[in-house]
2 protein chains.
Amino acid sequence: MQISMLIYPHFTPLDLFGPLQIWSQLPGASIELVAKELKPIATDTAARLLPTHTYETASRHPDILFAPGGTYGTYAISEDQATLDYLNDRAQNASWITSVCTGALIMGAAGLLKGYRATTHWAAMDQLKEYGAEAVNERWVIDRNRASGGGVTAGIDFGLAMAAEIAGEEVARMLQLAVEYNPAPPFNSGHPDVAKPETVDAVLAGFAAASAPPATND
Amino acid sequence: MQISMLIYPHFTPLDLFGPLQIWSQLPGASIELVAKELKPIATDTAARLLPTHTYETASRHPDILFAPGGTYGTYAISEDQATLDYLNDRAQNASWITSVCTGALIMGAAGLLKGYRATTHWAAMDQLKEYGAEAVNERWVIDRNRASGGGVTAGIDFGLAMAAEIAGEEVARMLQLAVEYNPAPPFNSGHPDVAKPETVDAVLAGFAAASAPPATND
């Protein structure tokens, strides 16, 4: 089971680490972190990650091809031709083409979601439609061999749902127990459908302000 | 707001990235990833992270001191005197002493949880008691200035609860919405209280087998 996970400057690491932590325990899984270059990748947090492979050395026939999202890094990478070429090339042979959060916009930019049901972060649903996807307000969506999770933390639900598709429900139940995924959110504020309107407005204003990277970021 | 987060060989990155992703958006937050040496830190996944500070250069007066857990890396670091010295030194001045998952065992080994209510991964509750803590079966626990989250994904609930303590409920609600924390686990298997007994047995057998690092890990 070869899993190729894209990483790129200023991506959102929690988008990645939900499925990465869960899939690392799949029987026979081999996971690579694929970037344009083998240099440290900044995230939208203080963490920097080391890629394991480049577009040239990454698996030619991944079982799972995956892209995480990012608050602002997504837009630059969605216009990077080498990245779109890599995704298009591997998508020809991948068993699954997958994303979490605005990673769906990268897959969309690569032309890989046209005519597919897919989801993304709640604030990016309109952008997903522009790529020809049918944007669906669900925690995760599987349509043929495309699978996508919603915003950030949805990667955990998505990662477990994919584990069940690949290794069966009993394995997925074990992985859920291993990562103690028995959520108890302190508030009921995780989606615009349930959050207070003023909370939604404040978060949207914050996203608008964060659409360009801070000058201090490398 | 200075936040010092310990990282060490073979830790569990999802323990870290729940609170790290959420706290990164706290107003005025400055986060450092602190390790014994400034070299890449392997995790229990394919990801390797770069520390930003060492025990020598890390903040002297952190507002939050934090430790993540690990399937097997926790035991070695809990016996590393330089690490225990670092935690003890900074704990003198820290406003909050915190952990997720078996990170509590590291804080316990440093003598920082004696007489405090705390939690950890469900499979490590007995070990936590050995450090003189009152082990509590809750998603997260706050006792005076000690705060701890349960296993792995509990870091998200813990991170949001801490955000509310520090910045108020409205900010925490915004952060919950930003990371779309509206969980929908595909199964009801996230804790031994709800999982099937055969699932619990299988996971415990897996943990026992994973108590030593695989020979191929660096």
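Thresholds applied
- Residues numbered from 1 in each chain as written.
- Chains lettered and ligands numbered in written order.
- Predicted model: local features only at pLDDT ≥ 70, side-chain atom pairs only at ≥ 80, totals over all residues.
- Heavy atoms only, no water.
- Helix = DSSP H or I, 4+ residues; strand = E, 2+ residues; numbered from the N terminus.
- Rg over C-alpha atoms; globule rule 2.2 N^0.38 Å.
- Buried < 20%, exposed > 50% of the residue type's maximum accessible area, 1.4 Å probe, protein only.
- Contact = heavy atoms within 4.5 Å.
- Salt bridge = Lys/Arg side-chain N within 4 Å of Asp/Glu carboxyl O.
- Axes fitted to C-alpha atoms, helices over the stretch in contact; angles between N-to-C directions.
- Parallel < 35°, antiparallel > 145°, perpendicular 65-115°, else oblique.
- Left-handed = near helix turned anticlockwise from the far one by under 90°.
- Nonpolar A, V, L, I, M, F, W, Y, C, P; charged D, E, K, R; others polar.
- Pairing = 2+ DSSP bridges.
- Polar contact = N/O pair within 3.5 Å; in protein donor to acceptor, adjacent residues only side chain to side chain.
- Buried area = accessible area lost by both parts, 1.4 Å probe.

**Some thoughts on the overall build of chain A**
For step 1, the next point in the chain: Within chain A one finds 8 helices and 11 strands.
For step 2, the next point in the chain: In terms of overall dimensions, chain A is globule-like: its C-alpha atoms have a radius of gyration of 16 Å, near the 17 Å expected for 218 residues.
For step 3, the next point in the chain: When the backbone C-alpha atoms are referred to their principal axes, chain A occupies close to 45 × 40 × 35 Å.
For step 4, the next point in the chain: Here chain A, with 218 residues, has 58% of them falling under the buried criterion.
For step 5, the next point in the chain: When contacts within chain A are restricted to residue pairs at least 6 apart in sequence, long-range pairs at least 24 apart make up 66% of them.

**Observations regarding the pattern of salt bridges**
Should their charged atoms come close, side chains of opposite charge can pair.
For step 1, the next point in the chain: Within this structure, the stated rule accounts for 18 salt bridges over all chains.
For step 2, the next point in the chain: Put simply, aspartate 157 of chain A and arginine 139 of chain A hold a salt bridge, and the shortest N to O gap is 2.8 Å. With a gap of 18 residues between them, aspartate 157 of chain A in helix α6 (residues 154–167) and arginine 139 of chain A in the loop between β9 (134–135) and β10 (140–143) connect regions that are remote in the sequence.
For step 3, the next point in the chain: The class of aspartate 157 of chain A is buried, set by a relative accessible area of 0%.
For step 4, the next point in the chain: Arginine 139 of chain A gets classed as buried once you look at its relative accessible area, which sits at 10%.
For step 5, the next point in the chain: Between arginine 173 of chain B and glutamate 169 of chain B there is a salt bridge, and its shortest N-O distance comes to 2.9 Å. Linking arginine 173 of chain B with glutamate 169 of chain B, this pair stays in helix α7 (residues 169–178), spanning 4 residues, or about one helical turn.

**Regarding the packing of helix α1 (residues 13–23) of chain A against helix α1 (residues 13–23) of chain B**
For step 1, the next point in the chain: The interhelical angle for the contact between α1 of chain A and α1 of chain B, taken along N-to-C directions, is 155°, at an axis separation of 9 Å. Between α1 of chain A and α1 of chain B, the angle is such that the two are roughly antiparallel. The interaxial crossing formed by α1 of chain A with α1 of chain B has left-handed handedness. Along its contact with α1 of chain A, which presents Pro13, Leu14, Phe17, Gly18 and Gln21 of chain A, the element α1 of chain B presents Pro13, Leu14, Phe17, Gly18 and Gln21 of chain B.
For step 2, the next point in the chain: Taken together, the residues that form the contact of α1 of chain A with α1 of chain B break down as 6 nonpolar, 4 polar and no charged.

**Here's the deal with the pairing of β10 of chain A**
For step 1, the next point in the chain: A one-sided burial pattern is seen for β10 of chain A, the buried positions being Val141 and Asp143 of chain A and the unburied ones Trp140 and Ile142 of chain A.
For step 2, the next point in the chain: Taking the residues that link successive antiparallel strands as the turn, the β10 of chain A-strand β11 (residues 146–149) of chain A hairpin has 2 residues, and the phi of arginine 144 of chain A there is positive, at about 55°.

**So, the side chain of glutamine 2 of chain B**
Residues and elements named next belong to chain B.
For step 1, the next point in the chain: Summarising the element assignment, glutamine 2 is placed in strand β1 (residues 2–6).
For step 2, the next point in the chain: Side-chain polar atoms of glutamine 2 contact the backbone oxygen of serine 30, separated by 3.2 Å.
For step 3, the next point in the chain: Ignoring any residue separated from it by four or fewer positions in sequence, one finds glutamine 2 in contact with Ser30, Glu32, Ser59, Pro62, Asp63 and Ile64.

**Some remarks on the sheet that holds strand β6 (residues 64–67) of chain A**
Residues and elements named next belong to chain A.
For step 1, the next point in the chain: On the basis of which strands lie adjacent, the open sheet formed by 7 strands has the order β5-β2-β1-β6-β7-β11-β10 and mixed pairing. Both edges of this open sheet fall to β5 (53–54) and β10, since each of them pairs with a single strand only.
For step 2, the next point in the chain: With 4 bridges joining them, β6 and strand β7 (residues 96–100) adopt parallel strand pairing. Paired with phenylalanine 66 across the two strands is threonine 98, which belongs to β7.
For step 3, the next point in the chain: Together, β1 (2–6), β2 (30–35), β6 and β7 form the strand contacts of helix α3 (residues 81–91), whose direction differs from that of β6 by roughly 155°.

**Considerations on the interface of chain A and chain B**
For step 1, the next point in the chain: On the side of chain B, 63 residues touch chain A, which itself brings 64 residues to the contact.
For step 2, the next point in the chain: Around 5,600 Å² of area is buried between chain A and chain B when both sides are counted, 64% of it from carbon and sulfur atoms.
For step 3, the next point in the chain: Looking only at chain A, the three residues that lose the most surface to chain B are Leu177, Glu180 and Phe187 of chain A, adding up to 15% of its buried area.
For step 4, the next point in the chain: At the boundary of chain A and chain B, one finds 2 salt bridges.
For step 5, the next point in the chain: Among the salt bridges present, the one from lysine 196 of chain B reaches glutamate 170 of chain A, with a minimum N-O distance of 2.9 Å.
For step 6, the next point in the chain: Remark: the boundary between chain A and chain B carries 34 residue pairs in polar contact (both at pLDDT 80 or more).
For step 7, the next point in the chain: Only α1, β2, β4 (48–50), α6, α7 (169–178) and α8 (197–209) of chain A provide two or more residues apiece to the side of chain A that touches chain B.
For step 8, the next point in the chain: Tallying contributions element by element places α7 of chain A first for the side of chain A that touches chain B, with 8 residues.
For step 9, the next point in the chain: The residue makeup of the side of chain A that touches chain B, split by class, is 36 nonpolar, 19 polar and 9 charged.
For step 10, the next point in the chain: Two strands pair when backbone bridges link them, and β4 of chain A and strand β4 (residues 48–50) of chain B are joined in this way by 3 bridges, in the antiparallel orientation. Bridge pairing in β4 of chain B places leucine 50 of chain A opposite arginine 48 of chain B.

**Side note on α1 of chain B**
For step 1, the next point in the chain: Among the 11 residues of α1 of chain B, 11 are classified as buried, and the element is accordingly described as predominantly covered.
For step 2, the next point in the chain: Regarding α1 of chain B, the residues found buried are Pro13, Leu14, Asp15, Leu16, Phe17, Gly18, Pro19, Leu20, Gln21, Ile22 and Trp23 of chain B.

**Some points on the sheet that holds strand β5 (residues 53–54) of chain B**
Residue and element names in this part refer to chain B.
For step 1, the next point in the chain: If you walk across this open sheet you meet the 7 strands as β5-β2-β1-β6-β7-β11-β10, and the pairing is mixed. Strand pairing shows two members of the sheet lacking a second neighbour, β5 and β10 (140–143), which therefore form its edges.
For step 2, the next point in the chain: Sheet analysis places strand β2 (residues 30–35) next to β5, joined by 2 bridges and oriented parallel. Residue pairing across strands places valine 34 opposite histidine 53, the latter belonging to β5.
For step 3, the next point in the chain: Packed onto the sheet, helix α6 (residues 154–167) meets β6 (64–67), β7 (96–100), β10 and β11 (146–149) and runs at close to 160° relative to β7.

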